[in-house]
Amino acid sequence: MSSECILIIDDSREIVKHLTEHVLSAHSYEVRHAYNGQSGLDLIQTLNPDLVMLDYNLPEMTGMDVLRALAREGNNVPVILMSGYGSELSAIEAFRLGAKDYLIKPFTSEEVLETIDNALLAQRLLHDKTKLADQLRHTKAAMNRQAQDIEALLKIGTKIVSLTTVEMVLQQLLDTASALTAAQGSIVWLPEKNSARFLTYQKLMHQNPSVKMDIRSHSELADQVNQVMKQKRPFRESNLAQPGINVGPELFARALLHVPLTVGEMTTGVLTVFHLNAMSSFSKRDEYQLTVLANFAVIALDNARKFEECR
């Protein structure tokens with residue numbers, strides 16, 4: 001497993017060099033070293049390595065002394081004790097003090113790597129378990145949020161579909177679109193009959209939304225709206241540099257999001273939200289919520305038109 005840190009504590013510079021340059025680094029381990037027990041203990045405290053390879057025959061402070069110091073401190077870092085022939089009995093005391101395994105010098109690269117894998121197995125499983133638990137928590141939180149979004153959108157949809165005039169539907173649609181996405185402005189684009197132009201209804205900073213505009217006066221939006229109508233899919237854009245995206249006479253936005261008002265194979269309009277001052281883009285969640293709202297709006301507008309015709 002890459003990026004794990006292994007600390008070698010050995011007074012033999014040849015062994016340290018061999019392990020560092022020819023065995024461990026080739027397998028993407030981060031390797032640090034110390035040539036005596038006290039320096040090794042200090043590095044364990046500061047580095048918090050994933051594994052310690054500890055020589056038994058260290059000068060002054062022996063490998064066993066290091067193990068005893070770790071036991072007193074309650075430090076459970078995995079330790080592999082390295083010793084020569086004739087000191088196998090030391091392994092019994094080393095295991096009692098918490099060592100995970102031992103290696104008899106001279107050892108092969110394969111023996112080193114296998115012993116490291118065995119010593120780190122429990123730690124890796126614990127890491128994987130913790131990572132999986134975190135992923136499950138994040139997934140559960142995302143599912144809970146999505147369920148809350150769906151419940152809220154259903155309530156909004158029920159309300160908007162019950163409205164009986166086109167004007168009321170448009171007002172509610174603009175208010176809700178701005179509220180859902182924390183937008184500072186929203187626009188509904190509806191094609192004019194027998195014309196290439198659009199009637200637009202807008203909400204800007206809580207002003208009257210029923211202001212009709214000619215789309216040709218907003219050249220930067222015209223191509224986007226027509227493209228959304230044609231492709232029947234949302235479009236997002238951000239431009240945090242000055243002046244931004246032109247959304248009206250002397251009015252510029254930092255970010256905008258268009259979603260089509262689609263029923264079946266026919267697109268009947270476009271719903272747009274935009275940020276004027278907020279230095280942030282619209283998210284996939286914003287796009288999802290606005291798309292659901294647009295689906296309800298299509299039904300609501302159709303119902304409202306039929307209701308008005310019957311009066």
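In this text the structure is predicted, and so the values were computed from the model without any measurement.

Participant: Describe the overall build of the protein, listing the residues and the values that go with them.
Facilitator: The helix and strand tally for the protein stands at eight helices and 12 strands. A globule of 311 residues ought to have a C-alpha radius of gyration of about 19 Å, yet the protein, at 34 Å, is considerably larger. Over its C-alpha atoms, taken along the principal directions, the protein stretches across nearly 105 × 40 × 35 Å. For the protein, the accessible surface area stands at approximately 17000 Å², while carbon and sulfur atoms represent 53% of it. Mean positive and mean negative side-chain charge positions of the protein (31 and 37 charges, respectively) differ by 12 Å.

Participant: Quick rundown of the pairing of strand E11 (residues 255-263)? Include the residues and the values.
Facilitator: Counting buried positions along E11 gives eight out of nine residues, so the element sits mostly inside the fold. Summarising the sheet, strand E8 (residues 235-238) and E11 pair through four bridges and their orientation is antiparallel. Bridging across to E11, Ser238 finds its partner in Ala255. In sequence, E11 turns back onto strand E12 (residues 266-275) through a hairpin of two residues, with Gly264 there showing a positive phi of about 60°.

Participant: Quick one: what's the story with the sheet that holds strand E3 (residues 51-55), residue by residue and with numbers?
Facilitator: Reading across from one edge, E2-E1-E3-E4-E5 is the order of the five strands in this open sheet, with parallel pairing throughout. Across the chains shown, the open sheet's two edge strands, defined by having one partner strand only, are strand E2 (30-34) and strand E5 (101-105). With strand direction ignored, the average angle separating the axes of adjacent strands in the sheet is 20°. Inspection of the sheet shows strand E1 (residues 5-9) paired to E3 by four bridges, in the parallel sense. Bridge assignment links Leu7 to a residue of E3, and that residue is Val52. Sitting on the sheet, helix H1 (residues 13-24) touches E1, E2, E3, strand E4 (79-84) and E5, and the angle it makes with E1 is about 155°.

Participant: Hey, could you go over the environment of Leu190 for me, with residue numbers and the actual values?
Facilitator: Structurally, Leu190 is set in strand E6 (residues 185-191). Residues Leu190 and Arg137 lie 53 residues apart in sequence; the distance between their C-alpha atoms is 43 Å. Not counting chain neighbours up to four residues away, the residues in contact with Leu190 comprise Leu170, Phe198, Leu199, Tyr201, Leu261, Thr268, Gly269, Leu301 and Arg305.

Participant: If you had to explain the pattern of salt bridges to someone new, which residues and values would you point to?
Facilitator: Two side chains with opposite charge may pair up if their charged atoms get near one another. Under the definition given, this model contains nine salt bridges. Two residues, Glu93 and Arg96, come together in a salt bridge whose shortest N-O distance is 2.5 Å. Of the two residues, Glu93 and Arg96 both sit in helix H4 (residues 90-96), three residues apart, roughly one turn of that helix. We classify Glu93 as partly exposed; its relative accessible area is 25%. Between Glu287 and Lys284 there is a salt bridge; the shortest N-O distance is 3.4 Å. Taken as a pair, Glu287 and Lys284 lie in helix H8 (residues 284-310) at a separation of three residues, close to a single helical turn. Linked through salt bridges whose partners overlap, the residues forming this network are Asp10, Asp55 and Lys105.

Parameters at a glance
- Residues numbered from 1 in each chain as written.
- Predicted model: local features only at pLDDT ≥ 70, side-chain atom pairs only at ≥ 80, totals over all residues.
- Heavy atoms only, no water.
- Helix = DSSP H or I, 4+ residues; strand = E, 2+ residues; numbered from the N terminus.
- Rg over C-alpha atoms; globule rule 2.2 N^0.38 Å.
- Areas by Shrake-Rupley, 256 points an atom, 1.4 Å probe, with all protein chains shown as cover.
- Lys, Arg positive; Asp, Glu negative; His and termini not counted.
- Charge placed at Lys NZ, Arg CZ, Asp CG, Glu CD.
- Buried < 20%, exposed > 50% of the residue type's maximum accessible area, 1.4 Å probe, protein only.
- Pairing = 2+ DSSP bridges.
- Axes fitted to C-alpha atoms, helices over the stretch in contact; angles between N-to-C directions.
- Contact = heavy atoms within 4.5 Å.
- Salt bridge = Lys/Arg side-chain N within 4 Å of Asp/Glu carboxyl O.

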